[in-house]
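Here's the letter readout for the chains.
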There are 2 protein chains.
Amino acid sequence: MNAPTPLPLGHSKAPSATRGVADRLRQAIISMEFPPGTRLSEGEIATRYDVSRQPVREALISLSRIGLVQVLPQRGTIVTRISTRHMMQVRIAREALESAIVQRACERFDPVIRGSIDAILETQARAACEGDYMTITAADSQFHAALATGADCEMIWQMVLDVKAHMDRVRHLTLQDRDSMRILVEQHRAIVDAIDQRDPEKADHAMRHHLMEILRDLPRVLAERADYFE
Amino acid sequence: MNAPTPLPLGHSKAPSATRGVADRLRQAIISMEFPPGTRLSEGEIATRYDVSRQPVREALISLSRIGLVQVLPQRGTIVTRISTRHMMQVRIAREALESAIVQRACERFDPVIRGSIDAILETQARAACEGDYMTITAADSQFHAALATGADCEMIWQMVLDVKAHMDRVRHLTLQDRDSMRILVEQHRAIVDAIDQRDPEKADHAMRHHLMEILRDLPRVLAERADYFE
DNA sequence: CCTCTTGATCTACCATACAAGTCCATACTA
DNA sequence: TAGTATGGACTTGTATGGTAGATCAAGAGG
């Protein structure tokens with residue numbers, strides 16, 4: 001235990017059962033296949049995904065750390081209900097983190113990644129015209145990830161991913177029309193422009209404005225689906 | 001699985017074996033009992049703490065999510081080495097989050113918690129005069145936690161705790177003299193003053209100034225203990 | 001009608017056994 | 001000697017059985 005051996009690290013992209021279950025569960029929760037309040041059971045999920053209970057259990061531990069599920073000892077596991085108080089903090093946290101990312105991006109930004117962003121935005125713009133929801137959201141995630149990576153903030157992006165999961169879940173409830181999709185792309189362009197101009201204040205403002213809009217329709221959903229909230 | 005039963009939640013303060021191992025391991029890593037690069041083994045830790053491998057394994061999963069350990073599939077688990085690049089991102093993230101907390105505190109702050117802060121600062125000031133390192137750090141954690149709680153940002157505080165672990169580990173390497181301890185208390189007072197005056201800009205500046213100092217001695221440690229870094 | 005007890009039935013938790021991949025020292029081969 | 005198999009001693013990953021605690025419904029007693 002005490003030997004500080006080198007143990008060279010070959011990076012881990014292990015497609016383990018635990019990770020597989022975690023990813024599938026995470027996606028199922030975000031996409032509302034398992035709506036808030038759904039009662040999960042280690043055994044049932046194990047049967048459904050054809051694995052043992054142990055990987056399921058470990059996946060649930062990861063998800064409970066993010067806050068997507070609540071594990072109640074000896075009682076059960078439920079998909080976390082949406083709380084406006086919690087969502088408020090989620091928004092604040094993501095704004096703070098992503099604002100910090102773009103501000104750092106104004107100081108230094110990997111030119112190679114900068115080049116790839118144009119392609120992402122173009123893909124997203126085309127998808128917006130066609131109303132392709134899946135491509136839109138995928139490109140959105142790629143865009144924000146590229147910002148973080150280009151600014152050398154990959155670890156911060158991991159933190160953003162956790163809070164992002166909560167926002168993605170409510171976004172699934174607010175159906176997006178094509179106009180708001182086009183606005184989304186415009187906002188992305190504004191962020192990139194600010195970074196190109198090395199204007200931290202402008203970038204900060206553009207990012208916060210962009211993120212603010214995501215939870216705009218939260219009150220309406222609250223009225224329609226009160227059972228999803230706590 | 002699909003029944004959205006109420007399942008009333010009695011808050012979980014479960015003193016499970018997993019949590020116990022996780023807390024002890026976390027403390028051992030932060031306090032440098034297990035220095036960076038230490039090779040951990042599920043089996044050895046299980047024997048040492050007199051539990052089965054499973055709780056140890058689940059504890060390591062939690063710690064790996066924080067980034068305190070690295071689990072290399074089929075190869076081993078090591079205490080994460082300190083990386084200046086990673087610490088830079090840690091600092092940025094914590095500054096962003098805690099800055100957001102104090103700015104929100106300027107908008108609204110629980111008066112009861114505001115009252116308790118004075119006692120915390122007084123305790124810390126006394127400990128600073130006596131050079132009581134343990135009490136200082138405990139009060140420091142209480143202070144920042146009180147800020148978050150009073151500003152209704154408890155969930156954000158959980159995120160801060162994760163990045164804070166990395167900074168606490170570095171701080172354990174930089175021995176603190178009594179002068180820097182007194183400065184610490186002064187900086188805390190400045191933050192509270194800014195909140196009392198409802199001055200977000202001042203609070204933001206005070207918090208960032210406070211956090212900046214923690215990693216001031218990082219380069220010196222890097223020179224002294226290169227084996228702790230990657 | 002209300003309160004309490006009891007037992008069946010769930011749950012997550014933990015321990016143990018097994019499987020599979022990695023590393024390394026040793027021995028064998030060219 | 002240098003290079004290459006090879007087998008054993010690790011490691012983490014997965015499966016399964018058993019245990020304690022929580023819930024709830026039915027029934028006894030007031």
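**Q** Pulling in residues and values, what's your account of the domain arrangement of chain A?
**A** All names here are of chain A. Taken domain by domain, chain A holds domain 1 (17-79) and domain 2 (84-220). Distance between the C-alpha centres of domain 1 and domain 2: 27 Å. On the domain 2 side, the residues contacting the 10 residues of domain 1 number 8 residues. Between domain 1 and domain 2, the buried area comes to about 800 Å², and carbon and sulfur atoms account for 66% of it. The largest share of the area that domain 1 buries against domain 2 comes from Ile 30, Met 32 and Ile 66, three residues that together contribute 54% of it. The interface formed by domain 1 and domain 2 holds 0 salt bridges in total. At the junction of domain 1 with domain 2, the criterion picks out 2 residue pairs in polar contact (both at pLDDT 80 or more). Of the residues contributing to the side of domain 1 that touches domain 2, the split by class is 7 nonpolar, 2 polar and 1 charged.

**Q** Any details on the packing of aromatic side chains? Residues and values, ideally.
**A** Here the structure, examined in full by the defined rule, presents 0 aromatic pairs over all chains. Arg 24 of chain A extends its terminal NZ or CZ atom over the ring of Tyr 49 of chain A, reaching a point 4.1 Å from the ring centre.

**Q** Could you give an account of the pairing of strand β3 (residues 76-79) of chain A, naming the residues involved and the relevant values?
**A** Residues and elements named next belong to chain A. Side-chain alternation along β3 places Gly 76 and Ile 78 on one buried face and Thr 77 and Val 79 on a second face that is also buried. Pairing between strand β1 (residues 39-40) and β3: 2 bridges, direction antiparallel. Counterpart to Leu 40 in the pairing with β3 is Thr 77. One ladder, built from 4 bridges, connects strand β2 (residues 69-72) with β3; its direction is antiparallel. When the sheet's bridge partners are listed, Gln 70 is paired in β3 with Ile 78. Counting the residues in the hairpin turn of β2 and β3 gives 3 residues, including Gln 74, whose phi is positive at 60°.

**Q** Before we move on, could you go through the protein's contact with DNA strand D and cite the residues and values that matter?
**A** The full set close to DNA strand D counts 23 residues, and Ala 17, Arg 53 and Arg 75 of chain A together with Arg 57 and Gln 74 of chain B are the nearest of them. Each atom of DNA strand D within 4 Å of the protein was classed as base or backbone; sugar and phosphate made up 59%. Ala 17 of chain A is positioned with one of its backbone polar atoms (N or O) 2.5 Å from a phosphate oxygen of DNA strand D. Here Arg 53 of chain A contributes a side-chain N or O atom positioned 2.5 Å from a base oxygen of DNA strand D. Broken down by secondary-structure element, the contributors of at least two residues to the surface near DNA strand D are α1 (17-30) and α3 (53-66) of chain A together with α3 (53-66), β2 (69-72) and β3 (76-79) of chain B. Across the surface near DNA strand D, the residue classes tally to 7 nonpolar, 10 polar and 6 charged.

Rules used throughout
- Residues numbered from 1 in each chain as written.
- Chains lettered and ligands numbered in written order.
- Predicted model: local features only at pLDDT ≥ 70, side-chain atom pairs only at ≥ 80, totals over all residues.
- Heavy atoms only, no water.
- Domains from an automatic or database assignment.
- Contact = heavy atoms within 4.5 Å.
- Buried area = accessible area lost by both parts, 1.4 Å probe.
- Salt bridge = Lys/Arg side-chain N within 4 Å of Asp/Glu carboxyl O.
- Polar contact = N/O pair within 3.5 Å; in protein donor to acceptor, adjacent residues only side chain to side chain.
- Nonpolar A, V, L, I, M, F, W, Y, C, P; charged D, E, K, R; others polar.
- Phe/Tyr/Trp six-rings, centres within 6.5 Å; stacked < 30°, edge-to-face > 60°.
- Lys NZ or Arg CZ within 6 Å of the ring centre and 35° of its normal.
- Buried < 20%, exposed > 50% of the residue type's maximum accessible area, 1.4 Å probe, protein only.
- Helix = DSSP H or I, 4+ residues; strand = E, 2+ residues; numbered from the N terminus.
- Pairing = 2+ DSSP bridges.
- Near = heavy atom within 4 Å.

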